[in-house]
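Residue-level listing of the chains:
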Amino acid sequence: MASVHESLYFNPMMTNGVVHANVFGIKDWVSPYKISVLTLLYEMTANKTNLPERRRLNKLLLPLQQGPDLALGQFLQLVEECCPQTAYAVKLRLHEMADGELKDMEYFFSTLPTPFTAFDSEAYKTSVVGLFMRHMLLAYNKLSFSQVYKLYKSLRNYYHSHYAKPSDGHVGLPALAADDSDMDLTSTEDTVGDRTDKEELDTPLHESELQSDNTPSKGPLSQKQAEYFLARQAYLLKNDENKALRPAALQEELNNMLKFNPDFAEAHYLNYLNSMRVQDIFLSAHSLLHYFDRLILSGNEGKSNGDEGYGRSLRYAALNLASLHCRFGHYQQADLALQEAIRIAQESNDHVCLQHCLSWLYTLEQMKGSDSTVLTEDSVKMAAHFCLPYLASLGIQSLVQQGATQGKTAHKLMDALKDTDILHWKHSLSELIEISLAQTTSIWRMYGKSTMALQQAQLLLNLSSLEPVNFGVHQNNTEAFAVALCHLAELHAEQGLYCAVTEIFQHLKDQFPPHTQHAKLWMLCDLKIQFERNMNEGKYHLAEPLVTAISALNTTEGLYRKSQVLKALNRSAEAYSILQRLQVHCEKTKCTEIIIRVMLSTAELHWESSGFSTALPLLLQALSLARQHHLQSLASETILHLAFTQLMLGVPEQALIVLHEAMEPVLAHGSVLDKGRAMLLAARCQMAVAGFRPNGQGRPDLHLSAFAVDTLNEAAAYFFQLNCKERLRDVYYLQARLHRCLGQTSHSNKSAMLFRLLDQELQSRAPPISMRL
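What counts and how
Residues numbered from 1 in each chain as written. Predicted model: local features only at pLDDT ≥ 70, side-chain atom pairs only at ≥ 80, totals over all residues. Heavy atoms only, no water. Helix = DSSP H or I, 4+ residues; strand = E, 2+ residues; numbered from the N terminus. Buried < 20%, exposed > 50% of the residue type's maximum accessible area, 1.4 Å probe, protein only. Contact = heavy atoms within 4.5 Å. Areas by Shrake-Rupley, 256 points an atom, 1.4 Å probe, with all protein chains shown as cover. Phe/Tyr/Trp six-rings, centres within 6.5 Å; stacked < 30°, edge-to-face > 60°. Axes fitted to C-alpha atoms, helices over the stretch in contact; angles between N-to-C directions. Parallel < 35°, antiparallel > 145°, perpendicular 65-115°, else oblique. Left-handed = near helix turned anticlockwise from the far one by under 90°. Nonpolar A, V, L, I, M, F, W, Y, C, P; charged D, E, K, R; others polar. Expected span 1.5 Å × (residues − 1). Polar contact = N/O pair within 3.5 Å; in protein donor to acceptor, adjacent residues only side chain to side chain. Salt bridge = Lys/Arg side-chain N within 4 Å of Asp/Glu carboxyl O. pLDDT = per-residue confidence, 0-100. 1 Å grid on protein atoms, 1.4 Å probe; cavity = no way out; pocket = protein on both sides within 12 Å on 5 of 7 lines; lining within 4 Å. Points joined across faces, edges and corners; volume = space filled by probe spheres on them.

## Digging into the overall build of the protein chain
Okay, so step 1: The secondary structure content of the protein chain amounts to 36 helices and zero strands.
Okay, so step 2: Looking at the protein chain as a whole, 51% of its 773 residues are labelled buried.
Okay, so step 3: Restricting the contact set of the protein chain to residue pairs at least 6 apart, pairs at least 24 apart contribute 67%.
Okay, so step 4: Within the structure as shown, the protein chain displays about 36,500 Å² of accessible surface, and the carbon and sulfur contribution to it stands at 54%.

## Concerning unusual backbone geometry
Negative phi values dominate among residues other than glycine, just as trans dominates among peptide bonds.
Okay, so step 1: In this structure, Lys-590 takes a positive phi of about 60° despite not being glycine.
Okay, so step 2: By the element assignment, Lys-590 lies in the loop between helix 28 (572–589) and helix 29 (592–608).
Okay, so step 3: The backbone of His-630 shows a phi angle near 60°, a positive value even though the residue is not glycine.
Okay, so step 4: Take His-630: it is sitting in the loop between helix 30 (612–628) and helix 31 (632–648).

## Examining the packing of aromatic side chains
Okay, so step 1: One pass over the structure, following the stated rule, counts nine aromatic pairs.
Okay, so step 2: Aromatic pair Tyr-33 and Phe-75: ring centres 6.0 Å apart, planes at 85°, arrangement edge-to-face. With Tyr-33 in helix 2 (residues 32–46) and Phe-75 in helix 4 (residues 72–82), this residue pair connects regions lying 42 residues apart in the sequence. For the pair Tyr-33 and Phe-75, a shared accessibility class is recorded, and that class is buried.
Okay, so step 3: Each ring, one from Tyr-733 and one from Phe-755, has its centre 5.9 Å from the other, and the planes form 50°; the classification is tilted. Of this pair, Tyr-733 sits in helix 35 (residues 725–741) while Phe-755 sits in helix 36 (residues 745–762), placing them 22 residues apart in sequence.

## Here's the deal with the packing of helix 27 (residues 555–568) against helix 29
Okay, so step 1: Interaxial distance between helix 27 and helix 29 falls to 11 Å at its minimum, and their mutual angle equals 15°. As the angle between them shows, helix 27 and helix 29 are arranged roughly parallel. In the packing of helix 27 onto helix 29, the handedness of the crossing is left-handed. Judged by residue contacts, Thr-556, Glu-557, Tyr-560, Gln-564 and Lys-567 of helix 27 engage Ile-594, Arg-597, Val-598, Ser-601, Glu-604, Leu-605 and Glu-608 from helix 29.
Okay, so step 2: Broken down by class, the residue content of the contact of helix 27 with helix 29 amounts to four nonpolar, three polar and five charged.

## Notes on the packing of helix 31 against helix 32 (residues 652–669)
Okay, so step 1: The contact between helix 31 and helix 32 brings their axes to 8 Å, and the two run at 155°. In terms of orientation, helix 31 lies roughly antiparallel with respect to helix 32. Here the hand of the crossing between helix 31 and helix 32 comes out left-handed. Contact with helix 31, carried on its side by Gln-632, Ser-636, Ile-639, Leu-640, Ala-643, Gln-646 and Leu-647, involves Pro-652, Gln-654, Ala-655, Val-658, Leu-659, Glu-661, Ala-662, Pro-665, Val-666 and His-669 of helix 32 and no other residues of that element.

## Focus: helix 17 (residues 351–368)
Okay, so step 1: Compared with the 26 Å implied by 1.5 Å per residue over 18 residues, the 26 Å span of helix 17 between its first and last C-alpha is a close match.
Okay, so step 2: Here helix 17 has its buried residues at Cys-353, Gln-355, His-356, Cys-357, Leu-358, Ser-359, Trp-360, Leu-361, Tyr-362, Thr-363, Leu-364 and Glu-365.
Okay, so step 3: Where helix 17 begins, the capping side chain belongs to Asp-350, and its oxygen is found 3.3 Å from the backbone nitrogen of Val-352.
Okay, so step 4: Looking at the residues trailing helix 17, positive phi occurs at Gly-369, about 90°.

## Points about the pattern of salt bridges
Okay, so step 1: In the structure shown here, the tally under the stated rule is 22 salt bridges.
Okay, so step 2: A single network of salt bridges, built from pairs that share partners, joins Lys-528, Glu-532, Glu-557 and Arg-561.

## Considerations on the environment of Tyr-269
Okay, so step 1: Looking at where Tyr-269 falls in the secondary structure, it is placed in helix 12 (residues 265–277).
Okay, so step 2: We classify Tyr-269 as buried; its relative accessible area is 3%.
Okay, so step 3: Along the chain, Tyr-269 and His-290 lie 21 residues apart, while their C-alpha atoms are 8.2 Å from each other.

## With respect to the confidence of the model for the protein chain
Okay, so step 1: Chain-level pLDDT for the protein chain is 80 on average; 81% of the residues reach the 70-or-more range.
Okay, so step 2: Within the model, the stretch residues 1–28 combines pLDDT values under 50 with 80 contacts to residues more than four positions away or in other chains.
Okay, so step 3: Every residue in residues 301–307 scores below 50 in pLDDT, and together they form eleven contacts with partners more than four places removed in sequence or on other chains.

## Looking at the side chain of Glu-537
Okay, so step 1: Within the secondary structure, Glu-537 is located in the loop between helix 25 (519–536) and helix 26 (540–553).
Okay, so step 2: Excluding residues within four positions of it along the chain, Glu-537 makes contact with Leu-722 and Asn-723.

## What about empty space enclosed by the protein?
Okay, so step 1: Applying the stated criterion across every chain yields a total of four cavities of 30 Å³ or more.
Okay, so step 2: When its volume is computed, the largest cavity comes out at roughly 80 Å³.
Okay, so step 3: Of all the secondary structure elements, the ones that give two or more residues to the lining of the largest cavity are helix 31 and helix 32.
Okay, so step 4: Broken down by element, the residue count for the lining of the largest cavity peaks at five residues, all from helix 31.
Okay, so step 5: For the lining of the largest cavity, the class distribution of residues is three nonpolar, six polar and two charged.

## So, helix 23 (residues 479–494)
Okay, so step 1: Given a rise of 1.5 Å per residue, 16 residues ought to cover 22 Å, and the 23 Å separating the end C-alpha atoms of helix 23 matches this to within 8%.
Okay, so step 2: Positive phi appears at Gly-496, one or two residues downstream of helix 23, with a value of about 80°.

## Section: the side chain of Thr-420
Okay, so step 1: By the element assignment, Thr-420 lies in helix 20 (residues 410–427).
Okay, so step 2: Sequence-distant contacts of Thr-420, defined by excluding residues within four places in its chain, comprise Ile-396 and Ser-436.

## Topic: the environment of Met-257
Okay, so step 1: Mapped onto the secondary structure, Met-257 falls in helix 11 (residues 247–260).
Okay, so step 2: A relative accessible area of 2% means that Met-257 is categorised as buried.
Okay, so step 3: Through-space distance from the C-alpha of Met-257 to that of Ala-267 is 7.4 Å; in sequence the pair is ten residues apart.

## Examining the environment of Gly-611
Okay, so step 1: Here Gly-611 is to be found in the loop between helix 29 and helix 30.
Okay, so step 2: What makes Gly-611 buried here is its relative accessible area of 12%.
Okay, so step 3: In sequence terms Gly-611 and Thr-645 are 34 residues apart; their C-alpha atoms lie 9.5 Å from each other.

Next comes the structure, spelled out in structure tokens:
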């Protein structure tokens, strides 16, 4: 659920300008960097450039004016990327001033065309550029002689410090040693000048320091620079976290900002968002509490949000604290904070805050594993009553999720999602449209409809956002996109397209680095795919270490995978013990899919002890559960297990009839492994019905045997696609016996040779073919 103070992402500076003037003690100042920007504006006016370069320079102007001071190298690099000719002209102009005398800088300011005096000026007087030029000229004209001289010295140091760096790759004019001894002012003049600074302007000159991308500035920022910095970083944290500063760099910038004013509320809130990125519970809670403390103490909340600003801050502080504890799994603390927020909201009769509280209340109940259907339905009704479409849609999506786990039919869930989609498009709720598509993808995957899931995932990935995109943000790093890409990776892995899977995960790693909050999704998905691939290829020694990593991200999945490895290593007793514990746990948490898979694995353990009749009740219970919850994929897999059990019990005709029921959905939506297993089982049933005997006795039906040959060839193609060598060995063994029984000696010898080569390569005893599916 989105943060309650979502507006802070787009406009973090919620207090008035007086606070920020007190924050930094700077309202107007001229710095060497600002002179560089003025030089750029002068050269843009004096020199004509082509239209594409002009557009790029115009787009660059606003960040240069509003952003923090840049080093000269960074500034020239940005200008050169837009227009190399203008960058060279700016460099020459700065060289004339820095290597000249004080009168050269004064001459530049006197000849600078202003939008108020020059008729040929391209900058209109009320434009951003025009106001900036007037702003700088007024500030420069108010400077005393000593201040102008200090500015000139700062400009020389700013210019020469760039070219004096030996490691700098830029080729420029040689740096000159600054000899300021002949222009030193007396200490009395400096004192008078400093006092004049405070009395006349209250604007101490800001000497820009060289900074790189990883080194934040150490000096104070102006009000506009702080506003621009906080707005940009908060927006990027919400929409494209990769383009925001790294957590450590952003933390250093915020510490530097708070050093000048510890009561700067919005900086504390951005510090809270940054701490959430790295899952720092202590610092995030500390920053969140400081944010609301400063907001209340400043007295500005009431001005910006109407009456009763003090109480509003308190209840939203408690609500945000509850959401913070929810994210970290501290359910008891979250419940206490939520109850406090509800109490304050009820006292203030704040219906909007109460609706947010109700939404978090049913979310908290879901996290605890309790049934929150009634609470969710009440939340949807009240949100619709108070015209809160965002909360109403979130409630309906939550009900759809609960309905999917409780076995609701697909058409009812899709109808509900269709109604919410109408609401989303009506109110342009882009974020909820993405969530709806990701949820639809997950539902189709759960039902076993891989084609529909693939369609919905592609629809989401090709969706154009409805929100205005700033700062070059593409808005494809949300949780919905991560879920869709993970489903896409799983679908490709099921078809054996591991090269495509690698590309998808590389994109996920780039878009969701390990320190981001949604990185766990692709990490778990990647580990599960690696585990399944190693298990299919018989590399159990590689699959076993992955169990620990999976357990760290999801305990339930880790336990299930551990039982699979133990079963493959013939440690049946340990595997059975884990499966029993896992089934008890999943019955409490109502995880139906894992319960069915546990039942199937338990039945396979019974097969190893030839307890086929013992496995039948488990399989029938699993089939009933899968059909009750409309899980077609698991139902088809259960039918394969039932058909295999019936084959082993000596009724191949009945097994073949049961198998035909699952063959169509398996071939349409199943994975390559399931298709191969189904074909192998069908061939064995056909061989048994044809009268084939392992000892070679009897005359098999040639017509059915020919069908079995074709079916085995198709199964071999599927297993070869997955490099599933152990199952290929079983196929080659059956092919050799079947061809020999049919008198096809050459085909039998070829299959026997392939079997022999695989058996030598695997260097492991082949398990009895009658003991596994």
